[in-house]
Amino acid sequence: MTDESPIHTVHKRVCHTFLRHWKAHNNAYPKLIKVAPEELRQFNIVNAFAKPNEMWGVPIEIDPNTTGVMIAVDGTEMPLVEGY
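Notes on the structure in this doc start here. Keep in mind that what you see is a predicted model, and the values were worked out from it rather than measured. (Residues numbered from 1 in each chain as written. Predicted model: local features only at pLDDT ≥ 70, side-chain atom pairs only at ≥ 80, totals over all residues. Heavy atoms only, no water.)

**Focus on the nonpolar core**
Heads up, the rule is: As used in this record, nonpolar core signifies buried Ala, Val, Leu, Ile, Met, Phe, Trp, Tyr and Cys residues forming a set joined through side-chain atoms within 4.5 Å. For every residue, the accessible area (1.4 Å probe, protein chains only) is compared with the maximum for its type, and the residue is labelled buried under 20%, exposed over 50%, or partly exposed between those bounds. Going along the chain from the N terminus, every DSSP run of H or I of four or more residues is numbered as a helix, and every run of E of two or more is numbered as a strand. Residues are treated as being in contact if the distance between any of their heavy atoms lies within 4.5 Å.
One finds Val14, Phe18, Ile33, Met55 and Ile60 to be the most contacted residues of the largest nonpolar core, which totals 16 residues. Among the secondary structure elements, those contributing two or more residues to this core are helix 1 (6–24), strand 1 (32–35), helix 2 (37–46) and strand 3 (58–62). What phenylalanine 18 contacts, discounting residues up to four positions off in sequence, is Tyr29, Pro30, Ile33, Met55, Trp56, Val58 and Met70.

Below, the structure is given as structure tokens:
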């Protein structure tokens, strides 16, 4: 395993969770993504050419008390973790 920039790690976690969400919810988009303030800053650096605080039309909200979650289309929380 190689050391990876935290900037790329948060983007990868969001992308992997999107894939898990699509698989679990018949390709529907989630309602919301919640991340800590520093993670949102890092995410926006990687996603610089897209709209800030958003991924593929899904808003990203700051929550200083989260480790990162995606609010699924059915309202459940999916942790932002690597892996499909």
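**Let's talk about the sheet that holds strand 1**
Formally: Strands pair, by our definition, only if DSSP identifies at least two bridges between them. Angular values range over 0 to 180 degrees, each being the angle between N-to-C directions of two axes fitted as lines to C-alpha atoms, with helices fitted over their stretch in contact.
Spatially, 2-3-1-4-5 is the arrangement adopted by the five strands of the open sheet, whose pairing is mixed. Strands at the two margins of the open sheet, each flanked by one partner only, are strand 2 (54–55) and strand 5 (77–79). Across the face of the sheet, helix 2 comes into contact with strand 1, strand 2 and strand 3 while running at roughly 140° to strand 3.

**Observations regarding unusual backbone geometry**
The bulk of non-glycine residues show a negative phi, and the bulk of peptide bonds are trans. Positive phi is not limited to glycine here, since asparagine 53 has a value of about 60°. Locating asparagine 53 in the fold gives a position in the loop between helix 2 and strand 2. Given a relative accessible area of 34%, asparagine 53 falls into the partly exposed group. A positive phi angle, close to 55°, is found at tryptophan 56, a residue other than glycine. When you line up the elements, tryptophan 56 lands in the loop between strand 2 and strand 3. By relative accessible area, which is 47% here, tryptophan 56 ends up partly exposed.

**Structural notes on the pattern of salt bridges**
Charged atoms that come close allow side chains of opposite charge to pair. This is how the line gets drawn: Basic side-chain nitrogens of Lys or Arg form a salt bridge, by our definition, when they fall within 4 Å of a carboxyl oxygen of Asp or Glu.
Following the criterion strictly, the structure yields four salt bridges and no others. Glutamate 82 is the salt-bridge partner of lysine 12, the closest N and O atoms lying 3.7 Å from each other. Taken together, the residues lysine 12 in helix 1 and glutamate 82 in the segment after strand 5 connect sequence positions 70 residues apart. By relative accessible area, glutamate 82 is classed as partly exposed at 42%. Between glutamate 54 and lysine 51 there is a salt bridge, and its shortest N-O distance comes to 3.6 Å.

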